[in-house]
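Residue-level listing of the chains:
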Amino acid sequence: MKLCCMGAGYVGGPTMAMIAYKCPDIQVTVVDVNEEKIAAWNSDELPVYEPGLFEIVKDVRGVNLFFSTDVEGAVAEADMVFVCVGTPTKKKGVGAGQAADLQYVEAAARVIARVSKTPKIVVEKSTIPVRTAEAIGTILKANSGVGKFQVLSNPEFLAEGTAIRDLLEPDRVLIGGERSREGDVAVERLASIYARWVPREKIITTNLWSSELSKLVANAFLAQRVSSINAVSALCEVTGADVDEVARAIGMDSRIGPKFLRASVGFGGSCFQKDILNLSYLCEHFGLPMVARYWQSVVHMNDWQKNRFRHKIVREMFNTVAGKRVAVLGFAFKKDTNDTRESPAIDVCRGLLEEGAVVAVYDPKVSREVIVRELDGVGGERDLSLEVCGSAIEAVQGAHAIAILTEWDEFRGLPYEEFYKVMLKPPFLFDGRNLLDHERLVKIGFRVYPIGKPPLILEQSAN
Ligand SMILES: NC(=O)c1ccc[n+]([C@@H]2O[C@H](COP(=O)([O-])OP(=O)(O)OC[C@H]3O[C@@H](n4cnc5c(N)ncnc54)[C@H](O)[C@@H]3O)[C@@H](O)[C@H]2O)c1
């Protein structure tokens, strides 16, 4: 059996690596129009950082896993084609700022139709609006003339940072298909691939529209939880309650559960915001404006939380950060990934640069090019207001403040006593992830500002 995956991104690369790893008899080819990305997948510097990914890729690459720019060739040869291209939010035209931009999905469908000599199973892995399978089916039918393609929906639920673990032991695999004999056969062919390592009871099948919609709804629920606890964090700060204590107390209710209750500077990543906006656009489209507004408020709360964090930095640092050095530790949207898409660090750094601060960024996995590109046009490296540092100590040297923006484990063990010595006094520490030992930091002499808890300031550091 030959599989082809169109799109060698954060989902296509790891997902296909796992299938190749678990199914030695299946040949998997991942194709992309981006030559640089494919070259990186074929090198020792993979374009995606995920714990455990490199080891798996190394094991199967060149054996039954291939990365190629020959999109048409690989699609033509495959029995099953996964569409795993990006579905970003539309930037202009109807639905700009909300609807999913489906141009890459449509282009992929047209390639499949053009080069296929026989009908194939086409698997939507990209996150798409409900009923996109219908559009793909129509394009395939109108442009190929080789018979009926089966279109399946198989949304990916992996989380960046834990992608390999999530792929190895998924909570569930969801496959949506046409309710017909041919549809059932196609669903079973895909299910039998996952069944090599995923228990059958975790592979659930639904109709196409339920599967497509479930992915958007899952992300909306997850993001809603983050916005809910972040909303509570603001209330904690003004009432003297502690958001971690509240989260623990409510999380022990089995109906609520303890996961995804960590307050922070805000959620990021390529999916939550885009998928909620897309869901809310769908609601508008289907005449449900109240439902659309309900989901939109989750994104508004997230924007508010990110702004609240940077306003707090300015306010607490005597209402000005102009000319002050702020060491930003962490730029990825979460730990254990090099992905910075929609990272709260971007908004916070942009805000600080606009206020005239000197921003010194250190992230263990995000490259200098990416950081400079994300902050381009605000400060820029040339006018020296943005510095990208190779270590945390380099960033904090001569800084007035530290802002923790990603929960990288290594930040817990940094020598904050040493940092205190090389920083200007009083040194501020804004912990946007509630990651550090605040009691210890305040004893060292930092003025500590967590999320959802009162600030910790000792008398001597207040002077
Ligand atoms: N990133 C996540 O955590 C995550 C999780 C679940 C689902 N998803 C969904 O999966 C999809 C892909 O996300 P991603 O993060 O991997 O995106 P990505 O931007 O990392 O990768 C998409 C890739 O598709 C390539 N591409 C575009 N058109 C192509 C074509 N015609 N032929 C071949 N390649 C083409 C692009 O060059 C790009 O490399 C999106 O719909 C996203 O919403 C993402």
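None of the values given here were measured: they were computed from a predicted structure.

(A) Seen up close, the overall build of the protein. When helices and strands are tallied, the protein shows 18 helices and 14 strands. Scaling as 2.2 N^0.38, a compact globule of 463 residues should have a C-alpha radius of gyration of about 23 Å, and the protein matches this with 24 Å. Overall, the C-alpha framework of the protein stretches about 80 × 45 × 45 Å when taken along its three principal axes. The buried share among the 463 residues of the protein stands at 49%. For the protein, the proportion of contacts with a sequence separation of at least 24, taken over those separated by at least 6, is 73%.

(B) Quick peek at helix H12 (residues 289-316). Spanning 28 residues, H12 covers 39 Å between terminal C-alpha atoms, matching the ideal 40 Å at 1.5 Å per step. Inspection of H12 places Ala292, Trp295, Val298, Val299, Asn302, Gln305, Lys306, Phe309, Arg310 and Ile313 among the buried residues, and these make up the whole buried set. Buried residues belonging to H12 abut helix H9 (208-239), helix H11 (272-285), helix H13 (344-354), strand S12 (401-404) and strand S13 (428-431). Of the residues flanking the end of H12, it is Phe318, one or two places downstream, whose phi is positive at about 60°.

(C) Region of interest: unusual backbone geometry. Residue Pro426 follows Lys425 across a cis peptide bond; omega there is -5°. As for its placement among the helices and strands, Pro426 is situated in the loop between helix H16 (416-422) and S13. With phi around 85°, Arg131 is a residue other than glycine that occupies positive phi space. Relative to the helices and strands, Arg131 is located in the loop between strand S5 (121-124) and helix H6 (132-144). Its identity is not glycine, yet Asn319 carries a phi of approximately 65°, on the positive side. Residue position: Asn319 is located in the loop between H12 and strand S9 (325-329).

(D) Up close: the site of the ligand. Surrounding the ligand, one finds 28 residues, the nearest of these being Gly7, Gly9, Val11, Ser126 and Thr127. The leading source of residues in the shell around the ligand is helix H5 (residues 103-115), at four residues. Looking at the shell around the ligand residue by residue, the class counts come to 15 nonpolar, nine polar and four charged.

(E) Seen up close, the pairing of strand S4 (residues 80-83). Burial along S4 is two-sided: the residues Met80 and Phe82 and Val81 and Val83 are all buried. By the bridge criterion, four bridges tie strand S1 (residues 2-6) to S4 in an arrangement that is parallel. Counted as the bridge partner of Cys4 is Val81 from S4. Pairing between S4 and S5: four bridges, direction parallel. Looking at S5, one finds that Val81 is bridged to Val122.

(F) Focus on the packing of H9 against helix H10 (residues 243-251). In contact at an axis separation of 9 Å, H9 and H10 are set at 130° when each is read in the N-to-C sense. By the criterion of interaxial angle, the relationship of H9 to H10 is oblique. The two elements H9 and H10 cross, and the hand of that crossing is right-handed. Two secondary-structure elements touch here, H9 through Ile229, Val232, Ser233 and Cys236 and H10 through Val243, Val246 and Ala247. For the contact of H9 with H10, a count of residues per class yields six nonpolar, one polar and no charged.

(G) Structural detail: the domain arrangement of the protein. The domains assigned to the protein are domain 1 (2-198), domain 2 (216-303) and domain 3 (305-462). Distance between the C-alpha centres of domain 1 and domain 3: 38 Å. Across the side of domain 1 that touches domain 3, the residue classes tally to three nonpolar, one polar and two charged.

(H) Molecular detail of H6. The end-to-end C-alpha separation of H6 is 18 Å, in line with the 18 Å expected for 13 residues at 1.5 Å each. Taken together, the buried positions of H6 are Thr132, Ala133, Ile136, Ile139, Leu140 and Ser144. Buried residues of H6 fall within an arc of 125° about the axis and therefore sit on the same side. Counted as exposed and oriented over 90 degrees from the buried face of H6: Thr138 and Ala142. Packing partners of the buried residues in H6 comprise H5, S5, strand S6 (150-153) and H9.

Conventions adopted
- Residues numbered from 1 in each chain as written.
- Predicted model: local features only at pLDDT ≥ 70, side-chain atom pairs only at ≥ 80, totals over all residues.
- Helix = DSSP H or I, 4+ residues; strand = E, 2+ residues; numbered from the N terminus.
- Rg over C-alpha atoms; globule rule 2.2 N^0.38 Å.
- Buried ≥ 20, exposed ≤ 12 C-beta atoms within 10 Å, placed from the backbone.
- Contact = placed C-beta atoms within 7 Å.
- Expected span 1.5 Å × (residues − 1).
- Near = placed C-beta within 6 Å.
- Nonpolar A, V, L, I, M, F, W, Y, C, P; charged D, E, K, R; others polar.
- Pairing = 2+ DSSP bridges.
- Axes fitted to C-alpha atoms, helices over the stretch in contact; angles between N-to-C directions.
- Parallel < 35°, antiparallel > 145°, perpendicular 65-115°, else oblique.
- Left-handed = near helix turned anticlockwise from the far one by under 90°.
- Domains from an automatic or database assignment.
- Arc of directions from axis to C-beta.

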